[in-house]
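Listed here are the chains, written in short residue letters.
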Amino acid sequence: VQLQASGGGLVQAGGSLGLSCAASGSIFGIANMGWYRQAPGKQRELVAIISRGGSTNYADSVKGRFTISRDNAKNMVYLQMNSLKPEDTAVYYCNAVRVVEYARYEYWGQGTQVTVSS
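Scoring rules and cut-offs
- Residues numbered from 1 in each chain as written.
- Predicted model: local features only at pLDDT ≥ 70, side-chain atom pairs only at ≥ 80, totals over all residues.
- Heavy atoms only, no water.
- Helix = DSSP H or I, 4+ residues; strand = E, 2+ residues; numbered from the N terminus.
- Buried < 20%, exposed > 50% of the residue type's maximum accessible area, 1.4 Å probe, protein only.
- Polar contact = N/O pair within 3.5 Å; in protein donor to acceptor, adjacent residues only side chain to side chain.
- Contact = heavy atoms within 4.5 Å.
- Phe/Tyr/Trp six-rings, centres within 6.5 Å; stacked < 30°, edge-to-face > 60°.
- Lys NZ or Arg CZ within 6 Å of the ring centre and 35° of its normal.
- Salt bridge = Lys/Arg side-chain N within 4 Å of Asp/Glu carboxyl O.
- Pairing = 2+ DSSP bridges.
- Axes fitted to C-alpha atoms, helices over the stretch in contact; angles between N-to-C directions.

Engineer: Would you explain the side chain of Asp 88 in this entry?
Structural biologist: Tracing the sequence through the fold places Asp 88 in the loop between strand E8 (76–81) and strand E9 (90–100). You can call Asp 88 buried: its relative accessible area is 0%. Here Arg 65 takes part through its side chain, which lies 2.7 Å from a polar atom of the side chain of Asp 88. Once you skip the residues sitting within four places of it in the chain, Asp 88 turns out to touch Arg 37, Arg 65, Phe 66, Ser 83, Val 114 and Val 116.

Engineer: Would you explain the packing of aromatic side chains in this entry?
Structural biologist: Aromatic ring pairs are reported here in terms of the distance separating the ring centres and the angle at which the planes meet. All chains considered together, the criterion is met by one aromatic pair. Ring geometry for Tyr 36 and Trp 108: centres 5.0 Å apart, planes at 70°, overall edge-to-face. With Tyr 36 in strand E4 (residues 30–38) and Trp 108 in strand E10 (residues 103–108), this pair connects stretches of sequence that are 72 residues apart. Since its relative accessible area comes to 35%, Trp 108 is described here as partly exposed. One cation-aromatic arrangement involves Arg 44 over Tyr 93; the distance from NZ or CZ to the ring centre is 3.7 Å. When the ring centre of Trp 108 is taken as origin, the NZ or CZ atom of Arg 44, which lies over that ring, is 4.6 Å away.

Engineer: Would you mind going over the pattern of salt bridges with me for this structure?
Structural biologist: Pairs can form between side chains of opposite charge whenever their charged atoms are close. On inspection of all chains with the given rule, the structure shows five salt bridges. Across the pair Lys 63 and Asp 60 runs a salt bridge whose closest N-O atoms are separated by 3.1 Å. Accessibility expressed as a relative area gives 49% for Lys 63, which makes it partly exposed. The salt bridge involving Arg 65 is made with Asp 88; its shortest N-O contact spans 2.7 Å. Within this pair, whereas Arg 65 is found in the loop between strand E6 (56–58) and strand E7 (66–71), its partner Asp 88 is found in the loop between E8 and E9, the two being separated by 23 residues in sequence. Accessibility classification places Arg 65 together with Asp 88 in one group, the buried group. Salt bridges sharing partners connect three or more residues here, namely Arg 37, Glu 45, Arg 65 and Asp 88.

Engineer: How do you make sense of the sheet that holds E7 when you look at a structure like this?
Structural biologist: In a beta sheet, neighbouring strands pair by backbone hydrogen bonds and run either parallel or antiparallel. The sheet built from four strands is open, its strands ordered E1-E3-E8-E7 with antiparallel pairing. Only two strands of the sheet have a single partner each, and these edge strands are strand E1 (2–6) and E7. Strand after strand, the sheet turns through a mean of 15° between neighbouring axes, direction not considered. Bridge count for E1 against strand E3 (residues 17–24) is five bridges, and the pairing is antiparallel. Bridged to Ser 6 within E3 is Ser 20.

Engineer: Would you mind showing me how to read the environment of Val 99 here?
Structural biologist: Looking at where Val 99 falls in the secondary structure, it is placed in strand E9. The class for Val 99 is partly exposed, based on a relative accessible area of 40%. For the pair Val 99 and Phe 28, spaced 71 residues apart in sequence, the C-alpha separation works out to 8.6 Å.

Here it is, written out as structure tokens:
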């Protein structure tokens, strides 16, 4: 599975950005898709995940501001980020989990930079 993320950039605090991630390749069996982020000097952390059926889970720090969605027909996952804060600055990574015959595979996109200026 290849994951191609796009949509990062520079935005002022309070602004909005949208991220997109396209999955291609051996996409059969993709279950959860999600977004993680890594700020300089910090560990990678979960931002939001969404199941194939649409169930979502968010980090407490982004609840009410970020919305994750996916289009199973297009093998896409999206992250709409509103009311951005400087602490949201990080490299954002798309993630997919594929389950085939009880084996679990995890895939990562290349990362896209999101910078929020104060």
